[in-house]
There are 2 protein chains.
Amino acid sequence: MTDFPDLDTPCAVIDLDCVDRNIRKYQDYCDLHGIGLRPHIKTHKIPDFARQQMAVGATGITCQKIGEAEVMADAGIRDILITYNILGVRKLARLRKLADRLTRLQVVADNETVISGLANAFAGADRPLEVLVECDTGGGRCGVQSPDDAVALAKMVDAAPGLIFMGLMTYPAAGGTQKVEAFFETAMAGCRDAGIECPVRSSGGTPDMWQAHLSPLTTEYRIGTYIYNDRSLMARGVCGAEDCALQVLCEIVSVPTAGRAIIDAGSKVLTSDLLGLSGYGYVVGHPDVAVSSLSEEHGILTYDPATVPFVVGQRIRIIPNHVCVVSNMLDEVHLTRGGVLERTVPVAARGRVT
Amino acid sequence: MTDFPDLDTPCAVIDLDCVDRNIRKYQDYCDLHGIGLRPHIKTHKIPDFARQQMAVGATGITCQKIGEAEVMADAGIRDILITYNILGVRKLARLRKLADRLTRLQVVADNETVISGLANAFAGADRPLEVLVECDTGGGRCGVQSPDDAVALAKMVDAAPGLIFMGLMTYPAAGGTQKVEAFFETAMAGCRDAGIECPVRSSGGTPDMWQAHLSPLTTEYRIGTYIYNDRSLMARGVCGAEDCALQVLCEIVSVPTAGRAIIDAGSKVLTSDLLGLSGYGYVVGHPDVAVSSLSEEHGILTYDPATVPFVVGQRIRIIPNHVCVVSNMLDEVHLTRGGVLERTVPVAARGRVT
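Every residue gets a number counted from 1 within its own chain, in the order that chain's sequence is written. To label them, take the chains in the order written and letter them from A, then take the ligands in the order written and number them from 1. Owing to the predicted nature of the model, reporting of local features is limited to residues with pLDDT of at least 70; listing and counting of side-chain atom pairs is limited to 80 or more, with chain, interface and lining totals taken over all residues.

1. Looking at the overall build of chain A
No. 1: Numbered from the N terminus, helices here are DSSP runs of H or I no shorter than four residues, and strands are runs of E no shorter than two. Tallying secondary structure elements over chain A gives 10 helices and 17 strands in all.
No. 2: Against the globule reference of 20 Å for 354 residues, chain A gives a C-alpha radius of gyration of 22 Å, in line with a compact fold.
No. 3: If one aligns the C-alpha atoms of chain A with their principal axes, the spans along those axes are about 70 × 40 × 35 Å.
No. 4: Within the span of chain A, comprising 354 residues, buried residues form 56% of the whole. The reference for a compact globule is 2.2 Å times residues^0.38; the radius of gyration itself is calculated from the C-alpha atoms. Partly exposed residues are those whose C-beta has more than 12 but fewer than 20 other C-beta atoms within 10 Å; 20 or more makes a residue buried and 12 or fewer makes it exposed, with C-beta atoms placed from the backbone.

2. Brief notes about unusual backbone geometry
Residues and elements named next belong to chain A.
No. 1: A cis amide bond links T9 to the next residue, P10, at an omega of -5°.
No. 2: Structurally, the position occupied by P10 is in the segment before β1 (11-15).
No. 3: Even without glycine at this site, N229 takes up a positive phi of about 65°.
No. 4: Structurally, N229 can be placed in the loop between β9 (220-222) and α8 (231-235).

3. A few points about the nonpolar core
No. 1: Only buried Ala, Val, Leu, Ile, Met, Phe, Trp, Tyr and Cys residues enter a nonpolar core, and they are joined through C-beta atoms within 7 Å. M72 and L118 of chain A together with M72 and L118 of chain B are the most contacted members of the largest nonpolar core, which totals 232 residues.
No. 2: Whether two residues are in contact depends on their C-beta atoms, placed from the backbone: they are in contact if these lie within 7 Å. The contacts of M72 of chain A, once residues within four sequence positions are left out, are I41, P47, A50, I61, C63, I77, I80 and A349 of chain A.

4. Some words on the pairing of strand β16 (residues 332-337) of chain A
Within a regular beta strand, the side chains point alternately toward one face of the sheet and then the other, so they alternate between its two faces.
Residue and element names in this part refer to chain A.
No. 1: Direction of pairing for β1 relative to β16: parallel, over a ladder of 3 bridges. Within β16, the residue paired with V13 across the bridge is H334.
No. 2: Criterion used throughout: strands pair if DSSP finds at least two bridges between them. Pairing analysis gives 6 bridges linking β16 to strand β17 (residues 340-346), with the strands arranged antiparallel. Residue L335 lies in a different strand from β17, and its bridge partner there is R343.
No. 3: If you look at the hairpin formed by β16 and β17, you'll find 2 residues sitting between the two strands, and G338 has a positive phi there, around 60°.

5. Overview of the interface of chain A and chain B
No. 1: At the interface, 48 residues of chain A touch 48 residues of chain B.
No. 2: Among the elements of the structure, α4 (89-101), α5 (112-122), β10 (246-257), α9 (267-270) and α10 (323-327) of chain A are those that each provide at least two residues to the side of chain A that touches chain B.
No. 3: It is β10 of chain A that contributes the most residues to the side of chain A that touches chain B, 5 residues altogether.
No. 4: Within the side of chain A that touches chain B, the residues separate by chemical class into 16 nonpolar, 18 polar and 14 charged. Lys, Arg, Asp and Glu make up the charged group, whereas Ala, Val, Leu, Ile, Met, Phe, Trp, Tyr, Cys and Pro make up the nonpolar group; the residues left over, Gly among them, are polar.

6. With respect to the domain arrangement of chain A
All names here are of chain A.
No. 1: Boundary definitions for the domains trace back to an automatic or database domain assignment. When its domains are assigned, chain A resolves into domain 1 (18-227) and domain 2 (231-346).
No. 2: The interface of domain 1 with domain 2 comprises 14 residues on the first partner and 10 residues on the second.
No. 3: With 3 residues, helix α1 (residues 16-33) is the single largest residue contributor to the side of domain 1 that touches domain 2.

7. What about the pairing of strand β4 (residues 79-82) of chain A?
All names here are of chain A.
No. 1: Looking at chain direction, strand β3 (residues 61-63) and β4 are connected through 3 bridges and run parallel. Counterpart to C63 in the pairing with β4 is I82.
No. 2: Sheet topology note: the β4/strand β5 (residues 104-109) ladder contains 4 bridges and is parallel. Bridging across to β5, D79 finds its partner in R104.
No. 3: Handedness of the crossover is the feature at issue here: the chain leaves β4, passes through α4, returns alongside β5, and the resulting connection is right-handed. A clockwise path from the first strand over the helix to the second, with the strands pointing away from the viewer, defines a right-handed crossover.

8. Notes on the relation of the copies chain A and chain B
For these two chain copies, the linking operation is a rotation about an axis paired with a shift along it.
No. 1: Superposition of the copies used a least-squares fit over C-alpha atoms from residues whose pLDDT is at least 70 in both. For the pair chain A and chain B, the best superposition has an RMSD of 0.0 Å and corresponds to a rotation of 180° with a translation of 0.0 Å parallel to the axis. The transformation relating the two chain copies, once decomposed into turn and shift, fits a two-fold axis. Considering only C-alpha atoms, the residue of chain A closest to the rotation axis is S272 of chain A, which sits at 2.7 Å.
No. 2: Residue by residue, 100% of the interface of chain A is reproduced at the interface of chain B, so both copies engage with the same surface.

9. Brief notes about α4 of chain A
Residues and elements named next belong to chain A.
No. 1: By this rule, a helix spans an expected 1.5 Å times one less than how many residues it contains. Between its first and last C-alpha, α4 extends 19 Å over 13 residues, near the 18 Å set by a 1.5 Å rise per residue.
No. 2: Those residues of α4 that fall on the buried side of the exposure criterion are K91, L95 and A99. One face of α4 carries all of its buried residues, which in axial projection span an arc of 85°. What points out from α4, more than 90 degrees from its buried face, is the exposed set V89, A93, K97 and D100.
No. 3: The secondary structure elements touched by the buried residues of α4 are α3 (66-74), β5, α5 and β6 (129-135). The reported arc concerns the directions from the helix axis to the C-beta atoms and nothing else.

10. Side note on the environment of G36 of chain B
Residue and element names in this part refer to chain B.
No. 1: Its place among the elements puts G36 in strand β2 (residues 36-37).
No. 2: Sequence separation of G36 and D148 is 112 residues, and the distance between their C-alpha atoms is 26 Å.
No. 3: Setting aside its immediate chain neighbours within four residues, G36 contacts C30, T59, T219 and E220.

11. Here's the deal with the sheet that holds strand β8 (residues 200-204) of chain B
Pairing between the strands of a sheet comes from backbone hydrogen bonds, and it takes one of two forms, parallel or antiparallel.
Residues and elements named next belong to chain B.
No. 1: Spatial ordering of the open sheet is given by β2-β9-β8-β7-β6-β5-β4-β3, a layout of 8 strands whose pairing is parallel. A single partner strand is all that each edge strand has here, and the edge strands are β2 and β3 (61-63).
No. 2: Orientation is described by lines fitted to C-alpha atoms, with helices fitted over the stretch in contact, and by angles between N-to-C directions that extend from 0 to 180 degrees. Across the sheet, helix α3 (residues 66-74) lies against β3 and β4 (79-82), angled at about 170° from β4, the strand it touches most.
No. 3: Strands β6 (129-135), β7 (163-170) and β8 of the sheet are contacted by helix α7 (residues 177-193), whose axis makes an angle of about 155° with β7.

12. Observations concerning the packing of helix α6 (residues 147-159) of chain B against α7 of chain B
All names here are of chain B.
No. 1: Following both chains from N to C, one finds α6 and α7 inclined at 40°, their axes separated by 8 Å at the closest point. In this view, α6 runs oblique relative to α7, as classed from their interaxial angle. For the pair α6 and α7, the sense of crossing is right-handed. Side by side, α6 and α7 meet where P147, D148, A150, V151 and A154 of the first sit next to F183, T186, A187, G190 and C191 of the second.
No. 2: Considered class by class, the residues forming the contact of α6 with α7 number 7 nonpolar, 2 polar and 1 charged. An angle counts as roughly parallel when it lies under 35 degrees, as roughly antiparallel when it exceeds 145, as roughly perpendicular when it falls between 65 and 115, and as oblique in every other case. Two helices cross in a left-handed way if the nearer one is turned anticlockwise from the farther one by less than a right angle. They cross in a right-handed way if the turn is clockwise.

13. Some words on the confidence of the model for chain A
No. 1: You can read pLDDT as the predictor saying how much it trusts each residue, on a scale of 0 to 100. Mean pLDDT over chain A works out to 97, with 99% of the residues at or above the 70 mark.
No. 2: Across the whole predicted complex the pTM is 0.97, and at the interface the ipTM reaches 0.97.

14. Some remarks on the packing of helix α1 (residues 16-33) of chain B against helix α2 (residues 47-56) of chain B
Residue and element names in this part refer to chain B.
No. 1: One can describe the packing of α1 onto α2 by two numbers: an axis separation of 10 Å at closest approach and a directional angle of 40°. Relative to α2, α1 is oriented so that their crossing is right-handed. The segment α1 lies against α2, with V19, I23, R24 and Q27 engaging F49, Q52, Q53 and V56.
No. 2: A class-by-class count of the residues in the contact of α1 with α2 yields 4 nonpolar, 3 polar and 1 charged.

15. Regarding the sheet that holds β4 of chain A
Residues and elements named next belong to chain A.
No. 1: Read across the open sheet, the 8 strands follow the order β2-β9-β8-β7-β6-β5-β4-β3; overall the sheet is parallel. The outermost strands of the open sheet, each flanked by one partner alone, are β2 (36-37) and β3.
No. 2: Against the sheet, helix α7 (residues 177-193) engages β6, β7 (163-170) and β8 (200-204), with an angle of about 155° to β7.

16. Focus: the environment of A50 of chain B
Residue and element names in this part refer to chain B.
No. 1: Turning to its location among the elements, A50 is positioned in helix α2.
No. 2: A residue is classified by how many C-beta atoms lie within 10 Å of it, and A50, with 27 of them, is buried.
No. 3: As for A50 and T62, which are separated by 12 residues in sequence, their C-alpha atoms are 9.7 Å apart.
No. 4: In this structure A50 touches I41, I61, M72, A75 and I77, once residues within four positions along its chain are discounted.

17. Digging into α1 of chain B
Since there are 3.6 residues in each turn of an α-helix, residues three or four apart along the chain are aligned in direction.
All names here are of chain B.
No. 1: Helix length check: α1, at 18 residues, gives a terminal C-alpha distance of 26 Å against a target of 26 Å (1.5 Å per residue), a fit within 8%.
No. 2: Turning to α1, its buried residues number three or more, namely C18, V19, N22, I23, Y26 and C30. For α1, the arc enclosing every buried residue in end-on projection is 130°, short of the 170-degree limit, so these residues lie on one face. Those residues of α1 that are exposed and aimed more than 90 degrees away from the buried face are D17, K25 and L32.
No. 3: Elements that come into contact with the buried residues of α1 comprise β1 (11-15), β2, α2 and β9 (220-222).
No. 4: Phi turns positive, to about 65°, at G34, one or two residues after α1.

Shown next, in the form of structure tokens:
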């Protein structure tokens, strides 16, 4: 394992061979089961990777905010789902502009206020805006609370001249595949009774990615983390360390006392996300070392000094707990292949929160 | 309280009147007690605020990484302390270049490897590099473990032609003022016995900012958070909500069920930092509302629906748990005075982790 002396630490290095494998493997699974794959770009935020996902067979991409979609449209992506309630004249004007640049733009809505705003913004548009109704199937975040509520909003969308109802969207709780299926089934029956077509049923989430085929009503699956993977997915048994494409390269800057070393990566790179885990990352090659606490620019490693010989100046690599949020900390990342640095690319959609 | 309809949410709005008060008040305290104030720019990362801190009487600024110091040097700041062990030929070359642009550059070191590297890099420099020895007075992060170790490193610095020993630096644990004083006293005696002057004794930390004068050996105090303040300092009784200059303006995008609302600010703005608190922020005007969980782009508010009438589209403001890390999430912030937007400025030193 090279330690890239030409790179200043801390930084993120991404193994392109691993990225290729991760993208290919899940596209093959979706192809096998006839599920459309719509990767969420929140994990990488990099146009090149979005284009690669499309080239391998993705039906389109998913973004969370208009700002992310704008960056991806700039890069030539033409089919985008924004899985977010969009509100307010300023954002709706941006959305309208964005629609004109794409072959397909879809958004979601889970309440009447959002639908009214979308309808006003797209009244008189050349093409109606495609809308999915977001359903809470147990995730407890956004989404209508019942299939009946979903049908009521589907009718409202269907009645709005500038909008077209395309179906249902959910971000389920982990392990929630059966609940998704039950919710979709009842809501689809309600739409059918109302004479409304519901061609798209979109679910997602990397933790249950290999169970997607167990919800046959799901036509499309959205996942982000699978491109890089991370420690939280290792802990769930979804991947191994060798499947984790993004690693944080850092340096030991102090060994103040036996069994404690300080690295130059803190919460400004690794973030404070625990995702239910203990510690802030997995030290590659040292599974017994704990990344036990972080401040902004320091990480504290604790370990048995009898077995771990860390010294000042040594470089190590860390697989972060939650890789999506790490991408959002960095202006650029370094792409490698076969242990050799290929190029450095900007994280173009980093920080696009509006 | 205006809700700034011309700004897209989520975003950070900063009350300049409050900033002025916060800067002035602590400078007055330091002036009264004869303590040098060296503000840490990590909280704001904005050159204008660093210049304001200098203009009011700061002796210099503190940065954590070379990249931050480079941004501040670009902005005309000429006296900088980098409180970080700096290692490696690439970073040492940057440090040498930086020194040539400043009237004073100080760094810290807590081990022999770092001192050797600094000595090599500054051998033959026109001016020697000023070095403080970092002391662990209970913080448990970097720093030599005993006053004797501090004296040993002081001797090593003193013997290096390119370096000049300037004193001691510590980042104490909260409530650690007495330990700081005891550590400094013993280390200073050791230096005196070795015939080495120790003119600078630098301590810091916003939580104990009003106890700085209780360590009379401390010549200089470093604080960052005091310029904005945050919920963690409110919880410690250091400030009130009215002293918190940076607030996150966000919008309610969904009220899926009674007592739960979803805002458009998640961990990509507020971060997952808890700092020992429960919940992820203080909702201004609604002390009983909990920011109970965050995902990347969503925040979940929970509350008693009988008393809180949140509706979709409503704007609210949140005082974050830890304001320094929020600054690091945002490419720009909005400056206001008297409730009126004055201008939008880039967070110039955001993301400078190397």
